[in-house]
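Topology and contacts: notes
This is what each chain is made of:
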Protein chains: 2
Amino acid sequence: MRVIARLLAGLLLAAGLLGSAHAEDGYDLWLRFRPLTGAALSQTETRLGSIEAAEADGTAVAELSRGLSGLLGKPVPIATGGKVLLGTANDPAIKALGLDLGGLGRDGYLIRTVGDRTVVAGGSQTGLLYGVFHLLRLAQETAPLTALNVREVPKIDRRILNHWDNLDRYVERGYAGQSIWDWHKLPDWTDPRYTDYARANASIGINGTVLNNVNANATILTHPYLEKVAALAAVFRPYGIKVYLTARFSAPKEIGGLPHADPLDPAVAAWWKAKADEIYSIIPDFGGFLVKANSEGQPGPQDYGRTHADGANMLADAVSPHGGIVMWRAFVYSHETPDDRAKQAYTEFVPLDGKFRDNVLVQVKNGAIDFQPREPFHPLFGAMPKTPLMMEFQITKEYLGFATHLAYLAPMWKEVLDADTFRPKKGSTVAKVVDDSLDGHKLSAMAGVANIGSDRNWSGSTFDQANWYAYGRLAWNHDLTSDAIAREWAAATFGPDPAVVDPILSMMMPSHQAVVDYMTPIGLHHLMGRGHHYGPAPWVAGGPRADWTSVYYHRATKDGIGFDRTRRGTGAVDQYAKYWADRFDKVKTTPPEFLLWFHHVGWQEKLGTGRTLWAELLHRYGQGIETVAGMRRTWDGLKGKVDDARWQQTATFLSIQQKEAQWWRDASVAYWQSFHGLPLPPGENPPPQPLAYYQSLSFPFAPGDGK
Amino acid sequence: MRVIARLLAGLLLAAGLLGSAHAEDGYDLWLRFRPLTGAALSQTETRLGSIEAAEADGTAVAELSRGLSGLLGKPVPIATGGKVLLGTANDPAIKALGLDLGGLGRDGYLIRTVGDRTVVAGGSQTGLLYGVFHLLRLAQETAPLTALNVREVPKIDRRILNHWDNLDRYVERGYAGQSIWDWHKLPDWTDPRYTDYARANASIGINGTVLNNVNANATILTHPYLEKVAALAAVFRPYGIKVYLTARFSAPKEIGGLPHADPLDPAVAAWWKAKADEIYSIIPDFGGFLVKANSEGQPGPQDYGRTHADGANMLADAVSPHGGIVMWRAFVYSHETPDDRAKQAYTEFVPLDGKFRDNVLVQVKNGAIDFQPREPFHPLFGAMPKTPLMMEFQITKEYLGFATHLAYLAPMWKEVLDADTFRPKKGSTVAKVVDDSLDGHKLSAMAGVANIGSDRNWSGSTFDQANWYAYGRLAWNHDLTSDAIAREWAAATFGPDPAVVDPILSMMMPSHQAVVDYMTPIGLHHLMGRGHHYGPAPWVAGGPRADWTSVYYHRATKDGIGFDRTRRGTGAVDQYAKYWADRFDKVKTTPPEFLLWFHHVGWQEKLGTGRTLWAELLHRYGQGIETVAGMRRTWDGLKGKVDDARWQQTATFLSIQQKEAQWWRDASVAYWQSFHGLPLPPGENPPPQPLAYYQSLSFPFAPGDGK
């Protein structure tokens with residue numbers, strides 16, 4: 001007894017000591033599986049205390065065993081007759097149960113309570129793995145484990161991360177350290193972190209990853225690098241994750257020795273075909289190519305007078321025999337500055353509808369500008385019915401304050417997914433365009449620009465992990481609510497205690513709106529620092545192109561502010577279905593959150609809120625700051641209920657966020673005042689510094705800048 | 001009882017599960033303090049089971065308590081009458097013991113067994129902290145803890161790390177991820193890793209750190225960055241570590257608005273004085289400046305026709321009122337390519353001896369070229385008796401295969417420290433020049449270019465941690481043997497079991513010689529890939545300057561190979577004391593390991609080994625490869641005795657090392673054969689590829705390249 005007590009004390013201490021350096025450093029993400037207690041423990045023990053698996057050495061059983069062993073605090077036996085039965089639709093033990101296994105496809109699964117047993121049946125080993133992670137989620141949340149009757153099939157086939165990672169490990173728009181891909185040591189050394197990356201993605205249904213930056217380097221397509229890619233693909237394969245690469249359109253010149261890269265030249269097409277054959281010879285399940293062409297200086301088919309369709313189809317023909325796809329980005333704008341950049345993608349791509357091969361998807365950002373804190377849905381959604389369009393969301397917070405601002409992005413994404421395009425008719429939401437339930441293409445996909453880096457906590461902050469999580473969950477099922485996803489994530493990340501989860505939800509849910517409010521309220525956009533996009537810089541003007549400035553977007557004058565995209569202005573409203581075009585064209589019928597996106601409005605004009613525009617702006621800034629202050633108060637109340645390490649970092653980050661929210665407000669107010677000189681509304685404090693001070697601040701080494 | 005058993009099982013499992021993801025990932029370095037067992041446990045409990053400290057909330061007592069709690073597996077009480085008594089020479093409880101506390105200075109300490117108690121007495125709180133880490137080392141090594149009688153005073157006052165870290169977190173010559181300094185989030189967010197960095201350094205006596213690259217950016221001297229530096233200084237201060245910065249000589253132009261940076265212009269001097277005042281106003285214990293001037297494109301006093309002394313003295317006057325120092329690097333070479341770059345530093349600096357202010361040190365690399373796998377000691381050592389010279393070692397393995405090659409560097413450093421300069425007379429070792437026991441300057445210092453980055457294990461590999469460790473220990477006491485340091489490190493890092501430590505020592509001790517043998521045997525040097533210095537590239541020629549090529553250094557012809565630095569050649573030998581000059585001037589009396597450093601030797605000339613030079617080269621390449629193969633066999637034998645995570649990574653790295661050792665041999669052999677066409681000695685296999693293959697390999701994204 002004394003020996004045990006001593007040993008126990010030692011272990012407790014060791015755990016505590018380890019804890020100070022290691023535990024809860026965020027590395028485990030939402031896969032923590034810390035020991036349950038009380039009723040949750042006994043329920044889990046009773047219902048899931050042992051495992052039977054048709055494929056005893058598969059990934060699914062290994063993950064279930066690992067997760068349950070953590071939750072139960074002891075090894076979970078794997079044996080015939082186990083309380084959990086795992087299998088695919090082809091396994092006799094599953095077939096014998098007579099479950100309705102039709103329509104599961106590759107990724108779907110059932111979870112059913114059958115007598116005393118819990119059955120997880122997957123459409124394939126991958127579907128089974130997804131089912132296992134679902135079951136673990138239920139157990140970790142301490143949900144009831146009786147009478148389970150779950151049937152899940154993803155709405156979108158390809159759920160993909162885009163890594164904007166350069167080969168020197170610099171991550172463009174990365175705020176979580178450097179790239180986790182240690183190219184130099186690959187293929188020999190495959191860091192265990194690659195496996196943990198695959199586990200995390202599989203647990204939320206992500207099944208594809210584009211390893212390198214859309215601003216591509218052709219070196220990734222050389223044989224030594226393809227061997228490195230193959231080593232990563234081998235790590236990811238058991239987790240159902242395919243690798244994709246970005247293809248630099250000029251690669252035939254740069255690494256192929258050809259004089260040009262004209263997609264209609266048979267020699268160019270032959271080079272790509274040979275390159276695709278080479279890739280598939282070492283990565284048989286290679287996913288395909290993502291291409292950014294003729295955009296922001298990247299080469300493309302237009303360099304040779306060809307269309308985006310010419311370029312995409314040439315690559316599509318190269319990968320088609322192997323089952324590969326091409327994802328062709330619609331984020332394009334010409335070298336000449338247009339009257340309205342918001343119109344460009346629509347103008348260029350709509351005429352190409354129907355001209356793409358059937359293994360091409362066009363990848364469209366959620367909005368027409370560039371991942372602003374809030375944008376109306378992109379007018380291309382619904383406007384190319386003959387082409388599968390895939391959604392591109394940005395998980396990394398390029399325009400949302402980087403890693404230190406807490407902003408839960410599911411509400412932003414849901415707003416776009418749920419938006420009704422009215423094309424061809426009411427009820428045609430963006431989500432239905434993307435999941436192809438509307439147009440019935442053979443491909444559907446969603447992309448999220450990853451927020452993953454070498455930081456120990458993967459995403460730069462604990463709460464940024466929630467955005468990775470939410471992206472995966474929404475790609476799987478866009479009908480999930482932001483609230484439900486946040487609840488799942490918070491319980492997995494901080495434990496299921498409602499005294500912790502509820503306050504955390506109260507922080508997360510208004511957090512995106514807070515960022516919109518203190519940065520770019522009422523439809524303002526693109527007012528961030530030049531290049532790096534850090535901090536307020538509404539005064540940015542000049543430089544190589546007008547649409548890389550702030551003044552291009554806000555168009556402030558002595559009299560008013562906002563971008564007139566109505567029929568009296570650039571006419572961008574007419575890129576939407578008539579329903580929206582008519583509404584966006586008028587101030588009264590434009591949703592207030594997009595007012596200055598579509599209209600130039602007088603500073604003293606009265607809005608629907610009863611305030612003048614000027615007063616409304618100040619009100620919004622204040623609301624944003626106050627929401628952050630409230631988040632801080634809530635978090636302060638969680639001290640001691642959340643482990644010290646994660647509590648302290650989040651507390652500090654929230655203090656940075658509040659300081660920077662105030663900075664956004666003060667700098668913006670000082671700048672707007674320089675146009676109109678209007679007094680501040682009653683109760684509003686003047687900015688503590690003159691405008692010149694805010695303009696003097698510079699951040700030459702802000703992280704994640706494009707290079 | 002059942003409850004306890006259950007809890008125990010849970011804890012064991014939790015520890016194991018945590019283990020799979022976290023434990024032994026190398027983060028803890030040599031400060032692991034895992035629970036002792038058996039006699040070591042009872043000895044430590046008996047001798048060190050409780051603590052009394054005069055300053056109860058000091059860093060020393062906190063570290064001792066943390067370390068002992070780990071070793072004993074339970075909290076260690078801090079109370080009057082504790083078995084360990086901590087204090088400084090000023091504390092009454094220490095004074096009362098009548099110990100010989102004279103001469104401890106700031107950093108020295110005593111550890112004494114006094115009756116039943118163990119007393120640690122420091123010359124200051126810093127000395128006490130060093131004493132505590134010494135005591136913990138003894139306990140962790142399971143050394144006897146009775147009759148302790150330790151007196152330690154460091155031989156060198158300033159034991160400094162140089163971080164070649166850029167402000168964008170890129171680390172020049174870094175092979176362990178990116179810079180650990182997260183400048184963007186400083187000063188608000190001070191990562192707990194900064195504290196662990198300070199702990200690790202204090203535990204080996206390092207008391208200074210230069211935070212930024214010698215290829216400097218003036219932005220670090222702007223006020224916002226100085227506030228970030230101050231936040232780091234505040235974290236390091238309780239651990240006795242001062243911060244230093246590199247000073248870009250042209251800063252007065254770049255951030256000061258002055259038209260030039262001429263050190264003799266009073267306006268320039270005044271700018272630096274004001275800048276120093278500003279720094280000390282927020283960092284009162286700021287250490288001073290490190291300067292790389294007029295070298296590899298960096299600005300310096302010669303831009304204005306002034307000398308290095310003019311430049312250094314101007315900065316020295318700025319920091320002198322605050323007790324700051326200037327470290328002025330001797331690694332200089334002019335824009336014009338010289339007859340022999342090895343001669344340049346000596347030629348430029350010896351005439352300046354006696355012309356520097358007394359708070360200036362000249363920082364000299366161990367050898368005259370640039371951190372090659374082996375170099376003869378720098379001829380400046382002993383040649384500037386009126387100037388304190390500090391040693392600059394490179395801990396990061398720029399020219400030694402990066403992180404995947406196991407090379408324990410203490411033997412290389414000892415070889416230089418123990419070298420006898422014969423200036424002014426026999427017995428005047430380099431170490432005595434550096435520690436100032438020879439010349440009696442008021443300053444002594446040593447610098448090591450850090451191998452620290454954001455990788456979880458800090459240094460890129462477990463064994464590279466040994467080089468950080470060994471650097472600190474040698475800076476403290478250069479009389480320590482390489483073997484003793486390796487033994488300390490291995491016991492702390494892998495546990496004290498001789499069945500583990502002894503084989504690990506057998507790997508470490510010959511590892512540096514192995515790298516010399518398979519890369520650059522017999523005095524060859526600088527044959528690595530251009531720019532990044534990865535892999536063999538003895539064929540590098542052309543480009544901006546001759547001394548940035550390989551052919552400049554090996555000078556191979558049809559007849560022979562090697563750089564003639566004798567009196568018939570460049571005469572570099574005469575930069576050494578006559579004793580060495582005469583010896584280096586003749587093949588027979590030149591140490592064989594430096595033969596081709598000083599001599600051009602015929603391929604077929606017979607050496608002292610009885611082999612021709614050509615055969616000797618092949619023999620050496622083979623020896624190097626065979627040593628690595630032996631290290632692999634030894635490591636294979638440790639499987640199961642070393643934790644899986646660290647074992648697997650090292651095993652993979654050793655396999656990479658062996659592959660690359662073979663690559664070095666094959667590429668070199670193919671290249672040398674292209675000169676002379678001689679057959680291979682019997683038993684030697686021809687390179688498996690033609691020379692053109694090796695020459696075709698390119699590594700555009702090798703890590704750590706200069707930018």
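Since the structure is predicted, the reported quantities are computational estimates derived from the model, not experimental observations.

The rules behind each value
Residues numbered from 1 in each chain as written. Chains lettered and ligands numbered in written order. Predicted model: local features only at pLDDT ≥ 70, side-chain atom pairs only at ≥ 80, totals over all residues. Heavy atoms only, no water. Helix = DSSP H or I, 4+ residues; strand = E, 2+ residues; numbered from the N terminus. Rg over C-alpha atoms; globule rule 2.2 N^0.38 Å. Buried < 20%, exposed > 50% of the residue type's maximum accessible area, 1.4 Å probe, protein only. Lys, Arg positive; Asp, Glu negative; His and termini not counted. Charge placed at Lys NZ, Arg CZ, Asp CG, Glu CD. UniProt positions renumbered as here; feature names shortened; annotations may be inferred. Contact = heavy atoms within 4.5 Å. Pairing = 2+ DSSP bridges. Right-handed = clockwise from strand over helix to strand, strands pointing away. Phe/Tyr/Trp six-rings, centres within 6.5 Å; stacked < 30°, edge-to-face > 60°. Lys NZ or Arg CZ within 6 Å of the ring centre and 35° of its normal. Axes fitted to C-alpha atoms, helices over the stretch in contact; angles between N-to-C directions. Salt bridge = Lys/Arg side-chain N within 4 Å of Asp/Glu carboxyl O. Core = buried A, V, L, I, M, F, W, Y, C linked by side-chain atoms within 4.5 Å. Nonpolar A, V, L, I, M, F, W, Y, C, P; charged D, E, K, R; others polar. Arc of directions from axis to C-beta. Polar contact = N/O pair within 3.5 Å; in protein donor to acceptor, adjacent residues only side chain to side chain. Parallel < 35°, antiparallel > 145°, perpendicular 65-115°, else oblique. Domains from an automatic or database assignment. Buried area = accessible area lost by both parts, 1.4 Å probe.

Now for the overall build of chain A. Assigned secondary structure in chain A consists of 23 helices and 15 strands. Since a compact globule built from 707 residues should have a radius of gyration of about 27 Å, the 26 Å found for chain A is in line with a globular shape. Taken along its principal axes, the extent of the C-alpha atoms in chain A is 80 × 65 × 50 Å. Here chain A, with 707 residues, has 65% of them falling under the buried criterion. Charge separation in chain A, taken as the distance between the mean sites of 71 positive and 74 negative side-chain charges, equals 3 Å.

Turning next to the UniProt feature "domain: Glycosyl hydrolase family 67 C-terminal" (unreviewed entry) in chain A. UniProt feature "domain: Glycosyl hydrolase family 67 C-terminal" (unreviewed entry): in the numbering of this structure it lies at residues 460-683 of chain A. Measuring from the first to the last C-alpha atom of residues 460-683 of chain A gives 37 Å, for a span that is 54% helix and 2% strand.

Turning next to the side chain of A:Ser482. Residue and element names in this part refer to chain A. Topologically, Ser482 is positioned in helix α15 (residues 482-494). Residue class for Ser482 comes out buried when judged on its relative accessible area of 8%. With residues up to four places along the chain from it excluded, the contact list for Ser482 reads Tyr408, Ala410, Pro411, Lys414 and Met509.

The feature "domain: Alpha glucuronidase N-terminal" (unreviewed entry), as annotated in UniProt, sits at residues 29-135 of chain A in this numbering. The straight-line gap between the two end C-alpha atoms of residues 29-135 of chain A is 17 Å; of that span, 37% is helix and 19% is strand.

Before going further, it helps to examine the pairing of strand β2 (residues 84-88) of chain A. Residue and element names in this part refer to chain A. Here β2 lies mainly inside the structure; five of its five residues are buried. The alternating pattern of β2 places Val84, Leu86 and Thr88 and Leu85 and Gly87 on opposite faces, both of which are buried. The pairing of strand β1 (residues 51-53) with β2 spans three bridges and is parallel. By the bridge assignment for β2, Glu52 is matched with Leu85. What joins β1 to β2 is helix α3 (residues 59-72), and the crossover it makes is left-handed.

With an omega dihedral of 0°, the bond running from A:Leu186 to A:Pro187 counts as a cis peptide bond. Relative to the helices and strands, A:Pro187 resides in the loop between β6 (158-162) and α6 (192-203). B:Arg423 connects to B:Pro424 through a cis peptide bond whose omega is 0°. Within the secondary structure layout, B:Pro424 lies in the loop between α12 (410-417) and α13 (430-434). A positive phi angle is found at A:Phe371, which is not glycine, with a value near 55°. Inspection of the secondary structure puts A:Phe371 in the loop between β11 (360-365) and β12 (389-394).

The next thing to look at is the packing of aromatic side chains. To describe a pair of aromatic rings, you give the distance between the ring centres and the angle between the ring planes. Tallying each qualifying case throughout the model produces 99 aromatic pairs over all chains. Pairing A:Phe422 with A:Tyr579 gives two aromatic rings, centres 3.7 Å apart and planes at 15°, and the pair type is stacked. Taken together, the positions of A:Phe422 in the loop between α12 (410-417) and α13 (430-434) and A:Tyr579 in helix α19 (residues 578-584) put the pair 157 residues apart, joining distant regions of the chain. On the basis of an interplanar angle of 75° and a centroid distance of 6.0 Å, the ring pair of A:Trp539 and A:Tyr671 is categorised as edge-to-face. With A:Trp539 in the loop between α17 (511-519) and α18 (551-554) and A:Tyr671 in helix α22 (residues 644-676), the pair connects residues that are 132 residues apart, well separated along the chain. Taking the relative accessible area as the measure of exposure, A:Trp539 reaches 17% and is therefore buried. Here A:Tyr671 falls in the buried class, since its relative accessible area comes to 6%. Ring-pair connections join several aromatic residues into one group, and the members of that group are B:Tyr27, B:Trp30, B:Trp181, B:Tyr194, B:Tyr197, B:Phe236, B:Trp458, B:Trp468 and B:Tyr469. Over the ring of B:Tyr27 we find B:Arg456, and its NZ or CZ is 4.1 Å from the ring centre. It is B:Arg555 that lies over the ring of B:Phe563; its NZ or CZ is 3.8 Å from the centre.

All names here are of chain B. If you trace the eight strands once around the closed barrel, you get β6-β7-β8-β9-β10-β11-β12-β13, paired in parallel fashion. Geometrically, the sheet is characterised by an average inter-axis angle of 25° between neighbouring strands, direction not taken into account. Note that strand β6 (residues 158-162) and strand β7 (residues 208-210) share three bridges and pair parallel. Note that in β7 the partner of Asn162 across the bridge is Val210. Together, β7 and β8 (242-246) form the strand contacts of helix α7 (residues 223-236), whose direction differs from that of β8 by roughly 150°.

Moving on, we get to the pattern of salt bridges. Residue and element names in this part refer to chain A. On inspection of all chains with the given rule, the structure shows 102 salt bridges over all chains. A salt bridge links Arg117 to Glu52, with the shortest nitrogen-to-oxygen separation between them at 2.7 Å. Taken as a pair, Arg117 in strand β4 (residues 117-122) and Glu52 in strand β1 lie far apart in primary sequence, 65 residues in all. Residue class for Arg117 comes out partly exposed when judged on its relative accessible area of 26%.

Below, the discussion takes up the nonpolar core. In this structure, A:Phe236, A:Trp272, A:Trp635 and A:Trp672 are the most contacted members of the largest nonpolar core, which totals 231 residues. Of all the elements, α22(A) adds the most residues to this core, at 11 residues. Residues within four places of A:Phe236 in sequence aside, it is in contact with A:Trp181, A:Tyr194, A:Tyr197, A:Ala198, A:Thr209, A:Leu211, A:Ile241 and A:Val243. With 230 residues, the next largest nonpolar core counts B:Phe33, B:Ala318, B:Ala342 and B:Trp597 among its residues.

Residue and element names in this part refer to chain B. At a closest axis distance of 8 Å, the pairing of helix α17 (residues 511-519) and helix α22 (residues 644-676) adopts a crossing angle of 35°. Between α17 and α22, the contacting residues are Val515, Tyr518 and Met519 on the first element and Gln657, Ala661, Trp664 and Arg665 on the second. By residue class, the composition of the contact of α17 with α22 is five nonpolar, one polar and one charged.

Attention shifts here to helix α16 (residues 498-508) of chain B. Residue and element names in this part refer to chain B. Among all positions of α16, only Val500, Val501, Ile504, Leu505, Met507 and Met508 are buried. Summarising the axial view, the buried residues of α16 lie within an arc of 155°, below the 170-degree limit, and thus occupy one face. Against α14 (462-476), α15 (482-494), α17, α21 (613-636) and α22 lie the buried residues of α16. The distance from a side-chain oxygen at the start of α16 to the backbone nitrogen of Ala499 is 2.9 Å, and the residue carrying that oxygen is Asp497.

A word on the sheet that holds strand β1 (residues 51-53) of chain B. Residue and element names in this part refer to chain B. The five strands lie next to each other as β1-β2-β4-β3-β5, forming an open sheet whose pairing is mixed. Both edges of this open sheet fall to β1 and β5 (149-152), since each of them pairs with a single strand only. Between one strand and the next, the sheet's axes are offset by a mean angle of 15°, whatever the strand orientation. The sheet contact formed by strand β3 (residues 109-114) and β5 spans four bridges and is antiparallel. Looking at β5, one finds that Ile111 is bridged to Val150. Across the sheet, helix α3 (residues 59-72) is in contact with β1 and β2 (84-88); its angle to β1 comes to roughly 170°.

Residues and elements named next belong to chain B. Put simply, α3 and helix α5 (residues 125-140) touch, their axes get as near as 8 Å, and they point 10° apart. With respect to α5, the axis of α3 lies roughly parallel. Two secondary-structure elements touch here, α3 through Thr59, Ala60, Glu63, Leu64, Gly67, Leu68 and Leu71 and α5 through Leu128, Leu129, Val132, Phe133, Leu135, Leu136, Ala139 and Gln140. Here the residues of the contact of α3 with α5 sort into 11 nonpolar, three polar and one charged.

All right, on to the domain arrangement of chain A then. Accessible area lost upon the coming together of the parts is a frequently used measure of interface size. Residue and element names in this part refer to chain A. One can read the domain layout of chain A as domain 1 (25-152), domain 2 (158-494) and domain 3 (517-563 + 600-696). A C-alpha centroid distance of 31 Å is found between domain 2 and domain 3. If you look at the interface, domain 2 gives 30 residues, while domain 3 gives 29 residues. Around 2400 Å² of area is buried between domain 2 and domain 3 when both sides are counted, 55% of it from carbon and sulfur atoms. Linking domain 2 to domain 3 there are one salt bridge. Along the contact surface separating domain 2 from domain 3 lie 11 residue pairs in polar contact (both at pLDDT 80 or more). Only α14 (462-476) and α15 provide two or more residues apiece to the side of domain 2 that touches domain 3.

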